[in-house]
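Descriptive analysis of the structure
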Amino acid sequence: MVKQVIIKSSLILFLITMLIFGIVQILFRTQEYFQISDFQYLLATSVSNAFIITSIYAIVAAYNMLTQTKKQQLSFFKVFGLCFSPGVIAGFLSLAVIFLIFNNYFPEGVEQLKNEYLDYSLLQYKNEASYEEAAKIINSDAVRNTNILNSRTFILASLIIVFFNFSLGLMMAFLWKVKTTPTKR
């Protein structure tokens, strides 16, 4: 029963993640639909990753915990697995598919993200005394031509996915434990 919930939740999270990825690509990559900022693609990507996707993963973990603990008696580790596993599975699948899409079908998208990030970083130094130094570094060929879709980036992003879901799983399992532990009187 728990394995079915994990598989179903993983698939749902993967599909939602890919839907959000597609929406960001369609609506914010160009200034065709929205003209929020010169850095709107970077900002939309950052907001969707930092707030929207993480919130959805947390809501699904909480939903899994609440619905499954009502149906059956679960241990701390089963609650942890129920909250941890779907996010990790969906996160790895999403990351792999996004890397494949960017590497094989849409390499200009990752270049645009990199350039917007570098230009935004340079803009932060605009009124600083160290602007010239920062501009030399940020505009150097080594930095501008760096491939950010490499195995190192994939591993780092994977570790972030594991860490986030590990923290989420622990938090949910401890909340469940606190909720179900009888109080001493």
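I will try to describe carefully the structure that is included in this document. (Residues numbered from 1 in each chain as written. Predicted model: local features only at pLDDT ≥ 70, side-chain atom pairs only at ≥ 80, totals over all residues. Heavy atoms only, no water.)

**Here's the deal with the overall build of the protein**
Looking only at helices and strands, the protein has seven helices and zero strands in total. Ordering the α and β elements of the protein from the N terminus gives α-α-α-α-α-α-α. For the protein, the C-alpha radius of gyration of 20 Å lies well beyond 16 Å, the compact-globule estimate for 185 residues. A principal-axis box enclosing the C-alpha atoms of the protein has dimensions of 65 × 40 × 30 Å. Looking at the protein as a whole, 37% of its 185 residues qualify as buried. Surface accessibility of the protein: about 11,900 Å² in total, with carbon and sulfur atoms responsible for 67%. (Helix = DSSP H or I, 4+ residues; strand = E, 2+ residues; numbered from the N terminus. Rg over C-alpha atoms; globule rule 2.2 N^0.38 Å. Buried < 20%, exposed > 50% of the residue type's maximum accessible area, 1.4 Å probe, protein only. Areas by Shrake-Rupley, 256 points an atom, 1.4 Å probe, with all protein chains shown as cover.)

**Looking at the nonpolar core**
Among the nonpolar cores identified, the biggest contains 23 residues, and Tyr41 and Phe102 are the most heavily contacted of them. Of all elements in the fold, only helix H1 (2-28), helix H2 (40-71), helix H3 (76-105) and helix H4 (107-124) reach the threshold of two or more residues within this core. Of all the elements, H1 adds the most residues to this core, at seven residues. Other than its neighbours up to four places away in sequence, Tyr41 contacts Val24, Gln25, Phe28, Arg29, Phe102, Phe106, Gly109, Gln112, Leu113 and Glu116. Core analysis: the second largest hydrophobic core is formed by 18 residues, Val2, Val5, Met65 and Trp176 among them. (Core = buried A, V, L, I, M, F, W, Y, C linked by side-chain atoms within 4.5 Å. Contact = heavy atoms within 4.5 Å.)

**What about the layout of surface pockets?**
Approximately 1,200 Å³ is the volume attributed to the largest pocket. In this structure, the largest pocket is lined by 40 residues; those nearest its centre are Thr45, Asn49, Leu95, Phe99 and Ala157. If you list the elements that add at least two residues to the lining of the largest pocket, you get H1, H2, H3, H4 and helix H7 (151-180). Considering each element in turn, the lining of the largest pocket owes the most residues, nine residues, to H2. A breakdown of the residues in the lining of the largest pocket according to their chemical character gives 23 nonpolar, 15 polar and two charged. Taken together, Gln4, Val5, Lys8, Ser9, Ile12, Val60, Tyr63, Asn64, Thr67, Gln68 and Lys71 form the lining of the second largest pocket. (1 Å grid on protein atoms, 1.4 Å probe; cavity = no way out; pocket = protein on both sides within 12 Å on 5 of 7 lines; lining within 4 Å. Points joined across faces, edges and corners; volume = space filled by probe spheres on them. Nonpolar A, V, L, I, M, F, W, Y, C, P; charged D, E, K, R; others polar.)

**Some points on the packing of aromatic side chains**
Two descriptors summarise a pair of aromatic rings, namely the distance from one centre to the other and the angle between the planes of the rings. Applying the stated criterion across every chain, the model contains nine aromatic pairs. Measuring from ring centre to ring centre gives 5.3 Å for Phe28 and Phe34, while their planes differ by 15°; the resulting arrangement is stacked. Using a relative accessible area of 34% as the deciding quantity, one classes Phe34 as partly exposed. Between Phe99 and Phe154, the aromatic rings sit 5.2 Å apart at their centres with planes inclined by 85°, giving edge-to-face as the arrangement. One end of the pair, Phe99, is in helix H3; the other, Phe154, is in helix H7, and 55 residues separate them in sequence. (Phe/Tyr/Trp six-rings, centres within 6.5 Å; stacked < 30°, edge-to-face > 60°.)

**Observations concerning the environment of Gln40**
With respect to the secondary-structure elements, Gln40 resides in helix H2. Here Gln40 is in contact with Leu27, Phe28, Thr30, Gln31, Phe34, Gln35 and Glu116, once residues within four sequence places are set aside.

Without other data, these values stay purely geometric and don't point to any function.
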